[in-house]
Amino acid sequence: MDLQRVAMARTSPDLNLLALLLCLLFPLHLGSPLTSKDWDFHENDISYDHATPTTQEEKERVEKFDISKLNYTAILLELEKGLNAMKKREGRFLEGPRLPRFFTDLGKFLDLEQVVNEIETSIMSTASCTACKVGVGMLQKFVQNGMIKEDIIKAASGFCISLRIETTRVCLGIVNLMADEVVYVVENLVMSPDEICGFVIGDICGIPYNPYHNWKVAFPPVQKPVQHPKSSSTGMPTLKVLHLSDTHYDPEYQEGSNADCDEPLCCRASSGPVKSPGDRAGYWGDYRKCDTPSRTIHSMLQHIAQAHPDIDYIIWTGDLPPHDIWNQTREGNLDVIRATINQMMVYFPKTPIFPALGNHESAPVNSFPPPFVMDNHGVGWLYEELAYQWQRWLPEASSPTIRKGAFYSVLVRPGFRIISLNMNYCNNKNWWLLLNSTDPAQELQWLIYELQNAEDKGEKVHILGHIPPGHSDCLKVWSHNYYTIVNRYEATITAQFFGHTHYDEFELFYDENDRHRVTNIAYIGPSVTSYYKLNPGYRIYYVEGEFPTSQKVVTDHETWVMNLEEANRFGHPRWYQLYSARRAYNMRNLLPEEWNRLVYKMALDDNLFRKYQRFYWKNSVAREDCDSECKKRMLCDLKSGRSNDRKYTCAKITEQVEIQERTDWTDWIYSGFSITSLAVVIPVAAVVIPNVLYFFFF
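Residues numbered from 1 in each chain as written. Predicted model: local features only at pLDDT ≥ 70, side-chain atom pairs only at ≥ 80, totals over all residues. Heavy atoms only, no water.

Q: Could you give an account of the nonpolar core, naming the residues involved and the relevant values?
A: Core analysis: the biggest nonpolar cluster contains 166 residues, and L244, L382, L447, W478, Y482 and W595 have the highest contact counts within it. Looking at this core, the element that brings in the most residues is helix α9 (residues 168-187), giving nine residues. Mapped onto the domain boundaries, this core takes at least three residues apiece from domain 1 (10-27 + 100-210) and domain 2 (238-253 + 291-580). The contact partners of W478, leaving out residues within four places of it in the chain, are W215, L421, M423, Y425, C426, P440, E443 and L444. (Core = buried A, V, L, I, M, F, W, Y, C linked by side-chain atoms within 4.5 Å. Buried < 20%, exposed > 50% of the residue type's maximum accessible area, 1.4 Å probe, protein only. Helix = DSSP H or I, 4+ residues; strand = E, 2+ residues; numbered from the N terminus. Domains from an automatic or database assignment. Contact = heavy atoms within 4.5 Å.)

See the structure below:
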């Protein structure tokens, strides 16, 4: 399958995406068997092209089941019959009714198991595209015909429970949380299924033209300065910077509870019975689908305060609440935000902190309506709290933009500025953007203004955010506009910092006119949470300090981790430096060109790549293996500062890996022919070669 950016292991299941899928596909739960002749003779059918199949299996599925001939009117009639029957049974659908043949056939065609897996891993293929287009067409038809929200919730919940996609309480919780938002958005949409699915899933699903989602930011009529090669000074003063990301503090974490449950988050008293001793949650955390206990966060912060008393400032790139996103509330998430901030204040009462907003802070998760969405659907409840909490570190002048869109710009010291972005306005799981994704809250246009002002004053800028701009979770149109901004102001932006993936990685940016010239780098910091199969970790950066030629580039960085298995076994945590980038990779400096050189070295050097992979997983004993295809994807991720652009970005690095593969096979074959074996090889060759020649030429 043609895959987009691939996470190497399952991270948080995106249950809001699952909820939309359920709301889109729930009619199938109640549909009746429809033979092919029932599909062919209806004037009101909605038809559209499905994504081009890329494997033989997909082609066979498409041949057996033609999406374009689905009769939504007939399905709607069957759905109404099913809902009436449901009401008579008083909701007994939750007991798991027998699924009709039509649903079974369509379910096999849509490969729902594969689709759910893709939702969880952020891997998208034509399977997700096909399911999306079928579901969107159905839901639009049903909403147009006046189906009430309560029936949508009931049917979608039954669909989820009957197929055992999640547990009953997760199905009920996530559908109830998301249905109001999904129905509101669908009711107000003026987009076709092709447009919606292309927007959400990306290039793999095709992106038809839509003026609401094809826009470009405007630049001032100022010529881009002549680019001078960046330099990194040695022996000069540096700033020491702490980077924390993805804390995911779980106030309900309980040692000894079930760590191997069937839900998106375990290690709680409510996670069900423990079936074996090995399933018990550890004292300091767990490698399975579990978030961070309070004691582990306190241990980390206490260690940092003691080991790094000379920290100049902290960057904090979001995701504070846990992954129990099926039963979260606004007030519950605010409580976690307040508690986590209070933890920080205990250990760093006088250290400047520059935060960025994650995608988990809202309830429901990923729900960040643009400012034009108001009333109860708005997100002012969160932004007002952030403005209040962040004012302890930020100047009053930053308050208006925080209240408007949770982004801000602050002058850290003369000549040095930090800009924090709300990356949820590029989040393709933020369904509100379907209404209009055109530069939500005018954030990117504001960013251009701030960068132009910084360029005019000779300031250097660091940018903070949560979702990396090259990740598949970032909308193509937003990501490409951001990429253009970074290239225009490459002399001003000297570093970028993000989180979200939970891994230790980075993304590179290249000149849009000369794809071989690297212009910038975005560092992706490791998560504090161990979710999933990871050790807890944090990052220390060394940034050029105060001297006349300082460009505020990063001169080195260190990743520090806690060995979770060891901590649980011996009863106390040990935080240690896993690696220094310059020492571990033998780098001359940390300029973008040097990182680009490292990527191509890893393509040809398996030992170097394995070292990177170990650091990527934060030295976890639970890390997964990585084959050749995995290696190609991981290296492609490093070159992808722009989302949905892998076809062009990754061709060369993929070719390098494949050349190395062929070289390895050649070396292996020839290594079998040693001097000592010539006595055997030559006589055999004397017999074999003439016979081979005879076969081909006679």
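Q: Outline the sheet that holds strand β13 (residues 575-580), supporting the account with residue identities and numerical values.
A: Spatially, six strands are ordered β4-β3-β1-β11-β12-β13 in an open sheet, and the strand pairing comes out mixed. Two strands in the sheet have a free side with no partner beyond their single neighbour: β4 (353-355) and β13. Ignoring strand direction, the axes of neighbouring strands in this sheet form an average angle of 25 degrees. Relative to strand β11 (residues 537-544), strand β1 (residues 238-244) runs antiparallel, the two being bridged by six bridges. Bridge pairing links T238 to E544 in β11. In the packing of helix α12 (residues 330-347) onto the sheet, the strands contacted are β1, β3 (313-316) and β4, and the crossing angle to β3 comes to about 160 degrees. (Pairing = 2+ DSSP bridges. Axes fitted to C-alpha atoms, helices over the stretch in contact; angles between N-to-C directions.)

Q: Please set out unusual backbone geometry residue by residue, giving values where relevant.
A: P364 follows A363 through a cis peptide bond whose omega is 0 degrees. Turning to its location among the elements, P364 is positioned in the loop between β4 and α13 (380-390). Y531 connects to Y532 through a cis peptide bond whose omega is 20 degrees. Note that Y532 resides in the loop between β10 (518-524) and β11. Residues other than glycine seldom take positive phi values, yet D319 does so here, at roughly 65 degrees. In this fold, D319 is placed in the loop between β3 and α12.

Q: Talk me through the pairing of strand β5 (residues 408-413); I want residue IDs and the actual numbers.
A: With five bridges connecting them, β5 and strand β6 (residues 416-420) associate as antiparallel partners. Bridged to L411 within β6 is R417. The antiparallel hairpin formed by β5 and β6 contains two residues in its connecting segment, where G415 sits at a positive phi of about 85 degrees.

Q: Tell me about helix α16 (residues 476-488), and name the residues and values.
A: Taking 1.5 Å per residue, 13 residues should reach 18 Å; α16 reaches 18 Å between its end C-alpha atoms and fits that length. Within the sequence span of α16, burial applies to V477, W478, S479, H480, N481, Y482, Y483, I485, V486, N487 and R488. Against α15 (443-457), β7 (460-464), β8 (493-498), β9 (505-510) and β10 lie the buried residues of α16. (Expected span 1.5 Å × (residues − 1).)

Q: So what's going on with the state of the cysteines? Which residues, and what values?
A: Per the counting criterion, the structure on display carries six disulfides. Put simply, C426 and C474 are joined by a disulfide, and their sulfur atoms are 2.4 Å apart. Between C426 and C474, the disulfide has an S-S torsion of -135 degrees and is therefore left-handed. Within this pair, whereas C426 is found in the loop between β6 and α15, its partner C474 is found in the loop between β7 and α16, the two being separated by 48 residues in sequence. On the basis of relative accessibility, which here comes to 0%, the residue C426 falls in the buried class. Bridging C636 to C650, the disulfide has an S-S length of 1.7 Å. On the S-S bond that ties C636 to C650, the torsion sits near 75 degrees, and the link is right-handed. (Disulfide = S-S within 2.5 Å.)

Q: Go over the sheet that holds β5 with me, naming the residues and quoting the values.
A: Within a sheet, each strand pairs with its neighbour through backbone hydrogen bonds, oriented either parallel or antiparallel. One open sheet holds the six strands; their spatial order is β5-β6-β7-β8-β10-β9, and the pairing between them is mixed. Unpaired on one side and paired on the other, β5 and β9 mark the two borders of the sheet. On average, each strand axis in the sheet is inclined to that of its neighbour by 25 degrees, with strand direction left out of account. The strands that α16 touches are β7, β8, β9 and β10; relative to β9, the one it contacts most, it runs at about 70 degrees.

Q: How would you sum up the side chain of N563? Please name residues and give values.
A: Mapped onto the secondary structure, N563 falls in the loop between β12 (554-562) and α17 (564-570). A polar contact is formed between the side chain of N563 and the backbone nitrogen of E566, at a distance of 2.9 Å. Excluding anything up to four places from it in sequence, N563 contacts Y287, N535, R574 and Y576. (Polar contact = N/O pair within 3.5 Å; in protein donor to acceptor, adjacent residues only side chain to side chain.)

Q: Any chance you could break down the packing of aromatic side chains for me, citing the residues and the numbers?
A: One pass over the structure, following the stated rule, counts 29 aromatic pairs. For the ring pair Y523 and W595, a centre distance of 6.0 Å and an interplane angle of 75 degrees mean the geometry is edge-to-face. On the criterion of sequence distance, the pair formed by Y523 in strand β10 and W595 in helix α19 (residues 592-604) is long-range, its members being 72 residues apart. Relative accessible area serves as the criterion here: at 2%, Y523 is assigned to the buried category. Between Y579 and Y585, the ring centres sit 6.0 Å apart and the planes meet at 65 degrees, which makes this aromatic pair edge-to-face. Given a relative accessible area of 5%, Y579 falls into the buried group. Here the basic side chain of K289 rests over the ring of Y532, its NZ or CZ set 5.9 Å away from the ring centre. (Phe/Tyr/Trp six-rings, centres within 6.5 Å; stacked < 30°, edge-to-face > 60°. Lys NZ or Arg CZ within 6 Å of the ring centre and 35° of its normal.)

Q: Run through the pairing of β3, naming residues and quoting values.
A: Both faces of β3 are covered, namely the face carrying Y313 and I315 and the face carrying I314 and W316. Pairing between β1 and β3: four bridges, direction parallel. Following the sheet pairing, L244 is matched in β3 by W316. Across three bridges, β3 lies against β4 in parallel orientation. Counted as the bridge partner of I314 is I353 from β4.

Q: Describe the pattern of salt bridges, with residues and values.
A: Counting across every chain of the model gives 35 salt bridges. Here E594 makes a salt bridge to R588, at a shortest N to O gap of 3.0 Å. According to the relative accessible area criterion, R588 is exposed, its value standing at 55%. Between E629 and K632 there is a salt bridge, with the nearest N and O atoms lying 3.0 Å from each other. Taken together, the residues E629 and K632, both in helix α21 (residues 628-638) and three residues apart, mark about one turn of the helix. The exposure class assigned to E629 is partly exposed, which follows from its relative accessible area of 41%. Residue class for K632 comes out buried when judged on its relative accessible area of 11%. What emerges from the salt-bridge pattern is a single network uniting K224, E490, D511 and R517. (Salt bridge = Lys/Arg side-chain N within 4 Å of Asp/Glu carboxyl O.)

Q: I'd like a description of the confidence of the model for the chain, backed by residues and values.
A: Summarising the model, the chain shows a mean pLDDT of 83, and 76% of its residues fall at 70 or more. Across residues 25-51 the pLDDT falls below 50, and counting only partners more than four positions away or on other chains, this stretch makes 89 contacts in the model. A low-confidence stretch, residues 90-99 (pLDDT under 50), is modelled with 14 contacts involving residues beyond four sequence positions or located in other chains. (pLDDT = per-residue confidence, 0-100.)

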